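# Summary of the model geometry
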Amino acid sequence: MRLQGKVAVVTGGAQGIGRAIALGLGREGAGVVVADLQADKAKNVVDELYGLGAEGHPVTVDVANEAAVERLAKETFDRFGKVDILVNDAGVYLKAMVVGMSEELWDRTLNVNLGGNFLCSRAFIPSMRKQKSGRIISIASGIAHYGAKEFAPYAASKAAIIGFVKALAREVGADGITANAICPGAANTTMPRSHRSEEEVMARLRSNPLGHVLEPEDFVGPVLFLASAAASYITGQAININCGSYMI
Amino acid sequence: MSQVALITGGGGGIGGAVARRMAAAGITVMVADYDHAAAEKVSAEIAAAGKKAEAFAVDVTQARDVKTLVADVEKRFGRIDVLANIAGGSFYTQRIEEFTWAEWKEVIDVNLKGTFLMCREVAPVMQRQKSGRILNTASNYGVTGSALRTPYSAAKAGIIAFTKTLAQELAPDGILVNTVAPGPTDTPRVMGKESAEERNRRWSQIPLGRTGQPEDLAEAYYFFTTVESAWITGQTFHVNGGLVTP
């Protein structure tokens, strides 16, 4: 187990990729704070963590809410006394064309997806600096590079996360903290189903050079690698996990 | 059965570390190098640690050499699961007008043509297996360029595009092809050129505050042999302490 004795916070940890990552971190020995807007689902993931023999703690949080993120940090330190790994996965995926889009939809997307990265990083970095080590892993998206019709705010927020992580890597590197992003390709989650038929979704998910339908579990390995000691010299990077659907 | 990895430049700083890392994980490593004595040394170290390794001499710029090497390995082990193309180098630091045609070709051939020749020979073996991992080696200079290293920067950029193309060609056979791009790394060859102080001053801008160790690179190459990287192909993986964040 590569993460024995480590403490991780996973925002958006109640479902999909965030849940898979939370469980993966637990399997490697980390204690995991499952932070999510959905209290019941977060609690379920914590139960699963205990089922794996790992420790967990659920926190209900809107990562776009400053006070709520401060409470998340406090609960994390009260429960586990420290934080080693922050996984910024919480995000919203709201559909609208740019022309006619409400300001609210734009703000909500940017506040949660990008602002959540800022607020959570700001909340946890001071203690990482004190211990001279830490891992920040933000979940961006292939859509940051590729774009997606009717998801301009999502694309903008995910591309912005990559820029944020690169800048953050340069700010915190001297204290032994790395900051990286992963860019998942389209995966078999509820996300793409919000606006397409089941048949269309599966055909699209399969249409990559490797012909594989990505599942949430497929992104866990690279995250564990980035969280582990093996990746201590990798920072400021965006890792594309997309079965070769694009290459940059 | 143990996996088999073929590592070119396996007698060098990064190549040797990669060979040791993979061997430690139970992979049988073929250490191939232009400098046969260097390959022997690495393979002997690995064998002394109780792991499996063999040394080979190869000039990756010579198609016949490459063919012989790959045929040898295939005959002995019947498979090649991992190919790590690490043989390379910048060799010269000089202005473009000082480069002779022969020097230019030397740098392009060792880095880029050698990668091509090795991939051309090993890919059919992996296609028959319907599995395999190819790891090519670029450099942050392949993205940023580097004054006084025109052929090296061009060759490394070439490797990145070559990798993407090969990844597309081999994906239907379940073969993954990725590039590892090392930043400044403390290898004996590089450190021989400048003092530790010069080196530290030169690279004081690295966000993580230190130059890379061959072992840092070895972990990244090893990652690409594991199931954890099963869905990554055609990508460039920068290991540089945050110096370059393309």
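See the structure shown above.
Residues numbered from 1 in each chain as written. Chains lettered and ligands numbered in written order. Predicted model: local features only at pLDDT ≥ 70, side-chain atom pairs only at ≥ 80, totals over all residues. Heavy atoms only, no water.

## Some thoughts on the pattern of salt bridges
Inclusion rule: Just to be clear on terms, a salt bridge is a Lys or Arg side-chain nitrogen sitting within 4 Å of an Asp or Glu carboxyl oxygen. The cut-offs for exposure are 20% and 50% of the maximum accessible area for each residue type, with area from a 1.4 Å probe on protein chains only; residues under the lower value are buried, those over the upper are exposed, and the others partly exposed. Helix and strand assignments come from DSSP, with helices taken as H or I runs of at least 4 residues and strands as E runs of at least 2, each series counted from the N terminus.
Applying the stated criterion to the full structure yields 26 salt bridges over all chains. Across the pair Glu200 of chain A and Arg196 of chain A runs a salt bridge, and its minimum N-O distance is 3.5 Å. You can call Glu200 of chain A partly exposed: its relative accessible area is 35%. The shortest N-O distance in the salt bridge between Asp186 of chain B and Arg199 of chain B comes to 2.5 Å. One end of the pair, Asp186 of chain B, is in the loop between strand S6 (175-182) and helix H7 (188-191); the other, Arg199 of chain B, is in helix H8 (residues 196-202), and 13 residues separate them in sequence. What emerges from the salt-bridge pattern is a single network uniting Arg2 and Glu28 of chain A together with Glu228 of chain B.

## Let's talk about the nonpolar core
For clarity, the threshold we go by: Nonpolar cores are built from buried Ala, Val, Leu, Ile, Met, Phe, Trp, Tyr and Cys residues. Side-chain atoms within 4.5 Å join them into one set. Residue contacts are defined here by distance: any two heavy atoms, one from each residue, within 4.5 Å place the two residues in contact.
Counting residues in each nonpolar core, the largest one holds 80 residues, and the members touching the most others are Ile21, Leu25 and Val87 of chain A together with Met22, Val29, Tyr221 and Phe237 of chain B. For Leu25 of chain A, the residues in contact, after removing those within four places along its chain, are Leu3, Ala8, Val10, Ala30, Val32, Ile85, Val87, Leu224 and Ala227 of chain A. Membership of the second largest hydrophobic core comes to 38 residues, among which are Val7, Val59, Ala73 and Tyr246 of chain A.

## Examining the packing of aromatic side chains
Put simply, the rule is: Aromatic contacts are taken between Phe, Tyr and Trp rings whose centres are within 6.5 Å, Trp giving its six-membered ring; a plane angle under 30 degrees counts as stacked, one over 60 as edge-to-face, and the others as tilted. Remark: a charge is flagged as sitting over a ring if the NZ atom of Lys or the CZ atom of Arg is within 6 Å of the ring centre and within 35 degrees of the ring normal.
Applying the stated criterion across every chain yields a total of 11 aromatic pairs over all chains. Centroid distance Tyr141 of chain B to Tyr152 of chain B: 6.4 Å. Interplanar angle 75°. Geometry classified as edge-to-face. Taken together, the residues span a long stretch of sequence, with Tyr141 of chain B in helix H5 (residues 141-144) and Tyr152 of chain B in helix H6 (residues 150-170) at a distance of 11 residues. Among the residues examined, Tyr152 of chain B registers a relative accessible area of 14% and is labelled buried. Measuring from centroid to centroid gives 5.3 Å for Phe223 of chain B and Phe224 of chain B, while their planes differ by 65°, and the two rings are edge-to-face. Here Phe224 of chain B falls in the buried class, since its relative accessible area comes to 2%. A connected cluster of aromatic rings, assembled from ring pairs, spans Phe225 of chain A together with Phe223, Phe224 and Phe237 of chain B. In this structure, Arg79 of chain A is placed above the aromatic ring of Phe80 of chain A, and the distance from its NZ or CZ to the ring centre is 4.4 Å. The ring of Tyr222 of chain B carries the charged tip of Arg21 of chain B above its face, separated from the ring centre by 4.0 Å.

## Remarks on the interface of chain B and chain A
Rules: Accessible area, probed at 1.4 Å, shrinks when two parts are joined; the buried area is that loss added up over both.
Taken together, the contacts link 35 residues of chain B with 33 residues of chain A. Carbon and sulfur atoms supply 61% of the area that chain B and chain A bury against each other, a total of about 2900 Å² over both sides. The interface formed by chain B and chain A includes one salt bridge. For Glu228 of chain B, the salt bridge is made with Arg2 of chain A, and the minimal N-O distance between the two is 2.7 Å.

## Let's talk about the state of the cysteines
All names here are of chain A. Note the cut-off: Put simply, a disulfide is two cysteine sulfurs that come within 2.5 Å.
All chains considered together, the criterion is met by zero disulfides over all chains. Free cysteine: Cys120, not disulfide-bonded; nearest cysteine sulfur from Cys183 at 19 Å. Taking the relative accessible area as the measure of exposure, Cys120 reaches 0% and is therefore buried. Cys243 forms no disulfide, and the closest cysteine sulfur to it belongs to Cys183, at a distance of 14 Å.

## Examining the pairing of strand S4 (residues 82-85) of chain B
All names here are of chain B. For clarity, the cut-off: Criterion used throughout: strands pair if DSSP finds at least two bridges between them.
Both faces of S4 are covered, namely the face carrying Val82 and Ala84 and the face carrying Leu83 and Asn85. Of the pairings in the sheet, the one linking strand S1 (residues 4-8) to S4 comprises four bridges and is parallel in character. Each residue of the ladder has a partner; that of Thr8, found in S4, is Asn85. In this structure, S4 lies alongside strand S5 (residues 132-137), joined through four bridges in parallel fashion.

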